[in-house]
Amino acid sequence: MIKTYGLGALIAGSLALSAPAASAAEFINVLTGGTSGVYYPLGVAIADIYAKNIPDARTQVQSTKASVENLNLLQQGRGEIGFALGDSVKDAYEGNEEVGFSQPLDKLRAIAAIYPNYIQIAASADSGVTTATELAGKSVSVGAAKSGTEVNARKILDALGMSYDDLGKVEYLPFAESVELMKNRQLDATLQSSGLGSAALKDLSSTQDVTYVSVPAEVADTLGAPYAAGVIPAGTYPGQDEDVPTLAITNVLVTSADVSDELAYQMTKLLFEHLDQLKAAHAAAGDIDLETAIKNAPIPLHPGAEKFYKEQGLL
């Protein structure tokens, strides 16, 4: 029986006649994030790859609130593969109630560690904010409530000895909506956890003067893995003329233990066989590397993914 999902999903399915065999009539729901982020265009590309290369596959791309929602949907059997931040994956598997997981999500299995998210805080030039501690007293959008971005925001502020109470106003909005408030001078800053080259931030930087806010490297030391020190390179966004120190967090493609070994194998194999298509969908995919795909995985690999990595001599 084919599963069905909510009206917010974008359906992109097709038949393929020449590819390594997988079980017949496979349905693959790809869980992504907001349409202005990086997960969504990469999810569309992945769905297209699977539809064309897995016989009789029907694929669907679902726009969601990203990491936390995706992980809960996978646990519930309402998706076959989804994007999530590494810290959210770890919290989900361990059952961290504070970030939205009332019990351990024991069905989660890893397909691959992919590209890093970067904490990208854009502040209006008028706000005078240049470093994260200067967000105190300012109006800030921290991402959709209980999204991976919002979890990042809470953890980073805590590591800085701050909380939402220290901010002047907190908005819980997805990337595009946050940018619209910035454009309308209703918000001092937006914190976005995303791959470099976010469409929403490119839009913002093209329309007004913004400052990309630095996050001290010692925050990564305080938080520990999967957080690491990172840099937003100069020129990533219009008007951004200098490197900006920040944090990086690895993204993970996650599946469920209920997905068959053969389908998980095909999903993993096809991902790495079609990296050029993913890179064409978004530049962030340029950081996806087979050699690092299984390093520091916060959850067990799916047996189907393990089979692929063993064939590649990585396990």
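To keep things clear, this report deals only with the structure shown in the data block.

1. Looking at the overall build of the protein chain
Phase 1: Helix and strand counts for the protein chain come out as ten helices and eleven strands.
Phase 2: Computed over the C-alpha atoms, the radius of gyration of the protein chain is 19 Å, within 12% of the 20 Å expected from 2.2 N^0.38 for a compact globule of 315 residues.
Phase 3: Judged by the C-alpha coordinates and their principal axes, the protein chain covers about 60 × 35 × 35 Å.
Phase 4: Taken across its 315 residues, the protein chain has 54% of its residues classed as buried.
Phase 5: Put simply, 76% of the contacts in the protein chain that link residues at least 6 apart link residues at least 24 apart.
Phase 6: Separation between the mean location of the 21 positive side-chain charges and that of the 38 negative ones in the protein chain comes to 6 Å.

2. Describing the nonpolar core
Phase 1: The biggest cluster of nonpolar side chains holds 83 residues, and the ones touching the most others in it are Ile-28, Tyr-50, Leu-71, Val-254, Phe-272, Leu-278 and Tyr-309.
Phase 2: When residues in this core are grouped by element, the largest group, nine residues, is from strand β5 (residues 108-124).
Phase 3: Ignoring anything within four residues of it in the chain, the contact list for Val-254 reads Leu-71, Leu-74, Glu-80, Ile-81, Gly-82, Ala-84, Val-89, Leu-108, Arg-109, Ile-111 and Ile-299.

3. Some details on helix α8 (residues 261-273)
Phase 1: Taking 1.5 Å as the rise per residue, α8 with 13 residues should run 18 Å; its terminal C-alpha atoms sit 18 Å apart, in good agreement.
Phase 2: Burial runs high along α8: ten of the 13 residues are buried.

4. Here we look at unusual backbone geometry
Phase 1: Cis geometry marks the peptide bond from Ala-225 to Pro-226; its omega dihedral reads 10 degrees.
Phase 2: Of note in this structure, Asp-56 is not a glycine but carries a positive phi near 60 degrees.
Phase 3: Secondary-structure assignment places Asp-56 in the loop between α1 (39-53) and β3 (58-62).
Phase 4: The backbone phi angle of Lys-146 is positive, close to 65 degrees, even though this residue is not glycine.
Phase 5: On the secondary structure map, Lys-146 appears in the loop between β6 (139-141) and α4 (148-159).

5. Let's talk about the packing of helix α3 (residues 86-94) against α4
Phase 1: Their axes nearest at 9 Å, the elements α3 and α4 cross at an angle of 90 degrees. When the axes of α3 and α4 are compared, the pair comes out roughly perpendicular. Between α3 and α4, the contacting residues are Asp-87, Ser-88 and Asp-91 on the first element and Gly-148, Val-151, Asn-152 and Lys-155 on the second.
Phase 2: Its residues assigned to classes, the contact of α3 with α4 comprises one nonpolar, three polar and three charged.

6. Re the packing of aromatic side chains
Here a ring pair, both rings aromatic, is described through the centre-centre distance and the interplanar angle of the planes.
Phase 1: Here the structure, examined in full by the defined rule, presents six aromatic pairs.
Phase 2: A ring pair is formed by Tyr-39 and Phe-83, whose centres lie 5.0 Å apart and whose planes are at 25 degrees; its orientation type is stacked. Residue Tyr-39 is located in helix α1, and its partner Phe-83 is located in strand β4 (residues 81-85); the two are separated by 44 residues in the primary sequence. We note that Tyr-39, like Phe-83, is buried.
Phase 3: For the pair Phe-272 and Phe-308, a centre-to-centre distance of 5.9 Å together with 10 degrees between the ring planes defines the contact as stacked. On the criterion of sequence distance, the pair formed by Phe-272 in helix α8 and Phe-308 in helix α10 (residues 303-311) is long-range, its members being 36 residues apart. The pair formed by Phe-272 and Phe-308 is uniform in burial state, with each residue classed as buried.
Phase 4: Connected via pairs of aromatic rings, a cluster forms that spans Phe-272, Phe-308 and Tyr-309.
Phase 5: A cation over a ring is seen here: Lys-307 above Tyr-265, with NZ or CZ 4.4 Å from the ring centre.

7. Examining the packing of α1 against α8
Phase 1: It is at 10 Å that the axes of α1 and α8 come closest, and there the two elements cross at 115 degrees. Classified by the angle between their axes, α1 and α8 sit roughly perpendicular to one another. The handedness of the crossing between α1 and α8 is right-handed. Contacts from Ile-46, Ile-49, Tyr-50 and Asn-53 of α1 reach α8 at Met-267, Leu-270 and Leu-271.

Cut-offs used in this document
Residues numbered from 1 in each chain as written. Predicted model: local features only at pLDDT ≥ 70, side-chain atom pairs only at ≥ 80, totals over all residues. Heavy atoms only, no water. Helix = DSSP H or I, 4+ residues; strand = E, 2+ residues; numbered from the N terminus. Rg over C-alpha atoms; globule rule 2.2 N^0.38 Å. Buried < 20%, exposed > 50% of the residue type's maximum accessible area, 1.4 Å probe, protein only. Contact = heavy atoms within 4.5 Å. Lys, Arg positive; Asp, Glu negative; His and termini not counted. Charge placed at Lys NZ, Arg CZ, Asp CG, Glu CD. Core = buried A, V, L, I, M, F, W, Y, C linked by side-chain atoms within 4.5 Å. Expected span 1.5 Å × (residues − 1). Axes fitted to C-alpha atoms, helices over the stretch in contact; angles between N-to-C directions. Parallel < 35°, antiparallel > 145°, perpendicular 65-115°, else oblique. Nonpolar A, V, L, I, M, F, W, Y, C, P; charged D, E, K, R; others polar. Phe/Tyr/Trp six-rings, centres within 6.5 Å; stacked < 30°, edge-to-face > 60°. Lys NZ or Arg CZ within 6 Å of the ring centre and 35° of its normal. Left-handed = near helix turned anticlockwise from the far one by under 90°.

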